[in-house]
Amino acid sequence: MVVRELGGPEVLTMADGPPPRPGPGQVLVDVVGAGVNFPDGLIVAGTYQTKPELPFVPGCEVAGTVAALGDGVTGPPVGTRVIGFCGIGGYAEQVLVDARMVHRLPEGIDLVEAGTISVVYGTSYHGLVDRAGLATGETLLVLGASGGVGLTAVQIGKVLGATVIAAASSEDKRALCLAHGADHAIGYEDMTATVRELTGGAGADVVYDPVGGDAATAALRALSWGGRFLTVGYAAGGIPQIKINRLLLTEGAVLGVLWGAWAKRNPEANAANMTTLLESVAAGRLRPHVSEVFPLEEAARALTTVMNRGARGKIALRVHAGKE
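In this text, all values refer to a predicted model and were calculated from it rather than measured experimentally. (Residues numbered from 1 in each chain as written. Predicted model: local features only at pLDDT ≥ 70, side-chain atom pairs only at ≥ 80, totals over all residues. Heavy atoms only, no water.)

Q: Explain the packing of helix H3 (residues 118-131) against helix H10 (residues 267-283) here, please?
A: Each pair of packed helices can be described by the angle between their axes along with the distance between the axes. At their nearest, the axes of H3 and H10 sit 10 Å apart, and the two run at 110 degrees to each other. In terms of orientation, H3 and H10 fall into the roughly perpendicular class. In this structure, the crossing between H3 and H10 has a hand that is right-handed. Across the interface between the two elements, Ser118, Tyr121, Gly122, Tyr125, His126 and Asp130 from H3 touch Asn273, Met274, Thr276 and Leu277 from H10. Of the residues that constitute the contact of H3 with H10, the class distribution is four nonpolar, five polar and one charged. (Axes fitted to C-alpha atoms, helices over the stretch in contact; angles between N-to-C directions. Helix = DSSP H or I, 4+ residues; strand = E, 2+ residues; numbered from the N terminus. Parallel < 35°, antiparallel > 145°, perpendicular 65-115°, else oblique. Left-handed = near helix turned anticlockwise from the far one by under 90°. Contact = heavy atoms within 4.5 Å. Nonpolar A, V, L, I, M, F, W, Y, C, P; charged D, E, K, R; others polar.)

Here is the structure:
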């Protein structure tokens, strides 16, 4: 699915191209499933920090089987089931992936479902563990908790032993959060007071925010003494303006979470994180939630759903290449 001009999801068009060949340090993957993510839409529109040259194929994460290895790559062997973070190129039958971003997939995990794991679970684990150091017994507030990245934060927070407060905009979204382990599910109205009430006045030790806008401002006011605020994204469209004295008054911290860039800078640490995550998925401790699967040729419709905040958990593309 090719982007020849920047714009909304409707600019995606299907096209044939020459089969890619892996260069040094690359793995060629036959794609079976590809995740559809909010940043994909920003890249298509030209409003993301990553700005590939036109024309390009969007899609930053895939799952499938290894088709070929480039020079200097010793594995995984051809035919191995893998997931990969490719940055761009994932909405296709084949994609080239940096070998350091390819991870073996345990048996028992569906490949289409697996195509939605890398970005959201990688982001949430990196944010909650590496950046915030979320500890057992602490309280975690997750904004946009029914979305792709938010729902993984709910799940990982529970695995880490936190009390999880999930914030979502509707009853059905809040019900989904509770089904995935949230201890409390709340709306955005009077959120600061509600979080204070649920925590006995203490506030949230960690806030996980992929939403931004007014919700971020309210969540910051609900931060505990020594709390950590993770800024992950701005799905609401507005980048919040923080009054820095708020951090002084609570000895709080605002921490940025940019998993993709971190993973490329720290491939060994990221590989260790992904091993932990995939083992947890295989064991059933983490449960990817894919609410809709679209065929590759309907990628524009799938991306529209995500950009309109219509996803519950993740949206996936099914690509009829590779072996399931």
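Q: When you look at the pairing of strand E9 (residues 163-167) in this model, what are you seeing that I'm missing?
A: Along any regular strand, the residues point their side chains to alternate faces of the sheet. Burial analysis of E9 places four of its five residues in the buried class, which makes it a mostly covered element. As paired strands, strand E8 (residues 139-142) and E9 are joined by four bridges and run parallel to one another. In the sheet register, Leu140 faces E9, and the bridge partner there is Val164. Read from E8 through helix H4 (residues 148-159) to E9, the crossover connection turns out right-handed. Of the strand pairs in this sheet, E9 and strand E10 (residues 184-186) are connected by three bridges, and their pairing is parallel. What sits directly across from Ile165, in E10, is His184. Assessed by its sense of winding, the connection that carries the chain from E9 through helix H5 (residues 171-179) to E10 is right-handed. (Buried < 20%, exposed > 50% of the residue type's maximum accessible area, 1.4 Å probe, protein only. Pairing = 2+ DSSP bridges. Right-handed = clockwise from strand over helix to strand, strands pointing away.)

Q: Before we go on, may I ask you to explain the sheet that holds E9 in this structure?
A: Hydrogen bonds along the backbone pair up the strands of a sheet, which may run parallel or antiparallel. Read across the open sheet, the six strands follow the order E10-E9-E8-E11-E12-E13; overall the sheet is parallel. Pairing within the sheet leaves two strands with one partner each, and these edge strands are E10 and strand E13 (253-256). Strand-to-strand, the axes of this sheet are offset by a mean angle of 20 degrees, without reference to chain direction. For strand E12 (residues 223-231) and E13, the ladder comprises four bridges, and the chain directions are parallel. Paired with Thr231 across the strands is Gly256, a residue of E13. Against the sheet, helix H6 (residues 191-198) makes contact with E8, E9, E10, strand E11 (204-209) and E12, and its axis sits at roughly 165 degrees relative to E10, the strand it touches most.

Q: Would you take a moment to explain the packing of aromatic side chains for this structure?
A: Two measures describe an aromatic ring pair: the distance that separates the ring centres and the angle between the ring planes. Using the criterion set out here, one finds one aromatic pair in the structure. Taken together, a centroid distance of 4.7 Å and an interplanar angle of 65 degrees make the contact between Phe85 and Trp259 edge-to-face. Separated by 174 residues along the polypeptide, Phe85 in strand E5 (residues 81-85) and Trp259 in helix H9 (residues 259-265) bring together distant segments of the chain. (Phe/Tyr/Trp six-rings, centres within 6.5 Å; stacked < 30°, edge-to-face > 60°.)

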